[in-house]
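Here is what each chain is made of, one letter per residue.
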Amino acid sequence: MATPKKQLHLTAFMRPVSLHTGAWRYPGAVPNANFSLPHLKSFIQKLEAAKFDAFFMADHLAVLNMPIEALQRSHTVTSFEPFTLLSALSAVTEKIGLAATASTTYDEPYHVARRFASLDHLSSGRAAWNIVTTGNPESAKNFGLDEHVEHSERYKRAREFYEVVTGLWDSFADDAFASRSQESGIYFDPSKLHVLNHKGESLKVRGPLNIARPVQGWPVIVQAGQSEPGKQLAAETAEVVFCSPRDIQGAKELYEDIKGRAEKYGRNRDSLRILPAALVIVGDTVQDAKEKRLKLDSLVHYDSAIASLSIALGSDASGFDPDGPLPDDIADTNASKTGRAGVIKLARDEGLTVKQLAQRYGGYAGLAFVGTPQSIADEMEEWLSQGAADGFTVTFPFVPQGIDDVTQRLVPELQRRGLFRTEYEGSTLREHLGLSRPNNRFFT
């Protein structure tokens, strides 16, 4: 009997609808899609029809820290708070997972535990928590601080925060309410209630949580950091890892690094899914898809774009000829050599002018699959078979057409190859991802 082919997992990344700065300006795109509930309902229903694992909503606790000249051109300046949005979307969907970002630096464990438990119950077991320590330093000023909390301290607090939140989710045994009786007047079994009474280095939380244990036991735990502390946190806690490797070799190294660390903590390497972020642009031909990419990049204003290129190079690029190639004699600096080399390689490999290169970095310079449904499926299959990914966190170049291209053209090709499900086999996000339901640490 033939061994079943390993299948991809696909989540949809909405920040708020696309990572690309030019997305809202693309011909035919809905410019206010990130702030329109009817459009967002339509998008998630298309993704559910295509059997995506989850819809992931990123979040910011401050307006992005960029010059006002750049900010005025950014569609990220306004978007919904994720729990409010996902609660609304849970009512118009049945199967697709609902993942939200919540900060461990500028929030409290009791609030986070309660919100996610509520979302898990409202959605019948489809919630996921993306643990972030919050990278935007401007966030601190919205929470009574003048300076951002130091990086290592943020991750130390995050680890303790995770323990408190998961402990609160285990406040009640799964069957604590099974004996509820109108006749006796007993609503729950008090012997199946645990008071956490956590007193740690950063947090003090008594508990218990005032909501029944989530449908999934715990909502799925997601982590997105690629720094050394981020990888460590992922290895210890995450069940899904969002990441952004630039190429398959870097992805393979990261994949093995995180899964290897997880094994050292006694975890099964199959207990976490690694899903790199990828911009997916589908065309009738590879050239057609590349032209879409160039058009999309061209919609990034040059003043914003050249600033992004200067940061990537670690050298002022404002004096370069916009219509010429990247100069060979760029002054050396103490900036990242790896990042700088990547910029130069991209410019040479694709024959980009300075303007095109700047607009790439000002728009989206991460991993991208640009081609036909067949060529993109080939690439995704290679990543899966080579141990570089368990699937992908798909970001769309523009909406709604970008979503339609993926769900109506790419997904059927993946399904034809046996690389992606044709139906949901379960009803919870854990079931979609092939993850086990965690035991309650206080009750057997």
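- The name that an unreviewed UniProt entry assigns to the chain is Monooxygenase, with the source organism given as Podospora anserina.
- Of the chain, the UniProt comment under Sequence similarities (unreviewed entry) reads exactly: "Belongs to the NtaA/SnaA/DszA monooxygenase family."

### Considerations on the pattern of salt bridges
- Throughout the structure, instances matching the rule amount to 36 salt bridges.
- Where Arg157 meets Glu108, a salt bridge forms, and the shortest distance between an N and an O atom there is 3.9 Å. On the criterion of sequence distance, the pair formed by Arg157 in helix α5 (residues 151-169) and Glu108 in the loop between β3 (97-103) and α4 (109-122) is long-range, its members being 49 residues apart.
- Here Arg157 falls in the buried class, since its relative accessible area comes to 15%.
- Here Glu236 and Arg159 are joined by a salt bridge, their closest N and O atoms 2.5 Å apart. Taken together, the residues span a long stretch of sequence, with Glu236 in helix α6 (residues 228-237) and Arg159 in helix α5 at a distance of 77 residues.
- Taking relative accessible area as the criterion, Glu236 reaches 22% and is therefore assigned partly exposed.
- Among the residues examined, Arg159 registers a relative accessible area of 26% and is labelled partly exposed.
- The structure contains a network of salt bridges with shared partners spanning Arg159, Glu163, Asp170, Asp174, Arg213, Glu236, Arg437 and Arg441.

### Some words on the side chain of Thr11
- Tracing the sequence through the fold places Thr11 in strand β1 (residues 9-14).
- Judged by its relative accessible area of 4%, Thr11 is buried.
- For Thr11, the contacting residues outside a window of four places in its chain are Phe52, Asp53, Ala54, Phe242, Leu275, Phe392, Thr393 and Val394.

### Considering the domain arrangement of the chain
- In terms of domains, the chain is made up of domain 1 (9-282 + 372-433) and domain 2 (284-367).
- Using only C-alpha atoms to locate each centre, domain 1 and domain 2 end up separated by 30 Å.
- At the boundary of domain 1 with domain 2, total buried surface from both sides reaches about 2000 Å², with 63% on carbon and sulfur atoms.
- Linking domain 1 with domain 2 are two salt bridges.
- In this structure, Asp284 engages Arg409 in a salt bridge whose closest nitrogen and oxygen atoms are separated by 3.0 Å.
- For the pair domain 1 and domain 2, the number of links is seven residue pairs in polar contact (both at pLDDT 80 or more).
- If you list the elements that add at least two residues to the side of domain 1 that touches domain 2, you get α2 (68-71), β9 (273-282), α12 (373-385) and α13 (401-416).
- Top contributing element to the side of domain 1 that touches domain 2 by residue count: β9, with six residues.
- In terms of residue class, the side of domain 1 that touches domain 2 is made up of 16 nonpolar, five polar and six charged.

What counts, and where the lines are drawn
Residues numbered from 1 in each chain as written. Predicted model: local features only at pLDDT ≥ 70, side-chain atom pairs only at ≥ 80, totals over all residues. Heavy atoms only, no water. UniProt positions renumbered as here; feature names shortened; annotations may be inferred. Salt bridge = Lys/Arg side-chain N within 4 Å of Asp/Glu carboxyl O. Helix = DSSP H or I, 4+ residues; strand = E, 2+ residues; numbered from the N terminus. Buried < 20%, exposed > 50% of the residue type's maximum accessible area, 1.4 Å probe, protein only. Contact = heavy atoms within 4.5 Å. Domains from an automatic or database assignment. Buried area = accessible area lost by both parts, 1.4 Å probe. Polar contact = N/O pair within 3.5 Å; in protein donor to acceptor, adjacent residues only side chain to side chain. Nonpolar A, V, L, I, M, F, W, Y, C, P; charged D, E, K, R; others polar.

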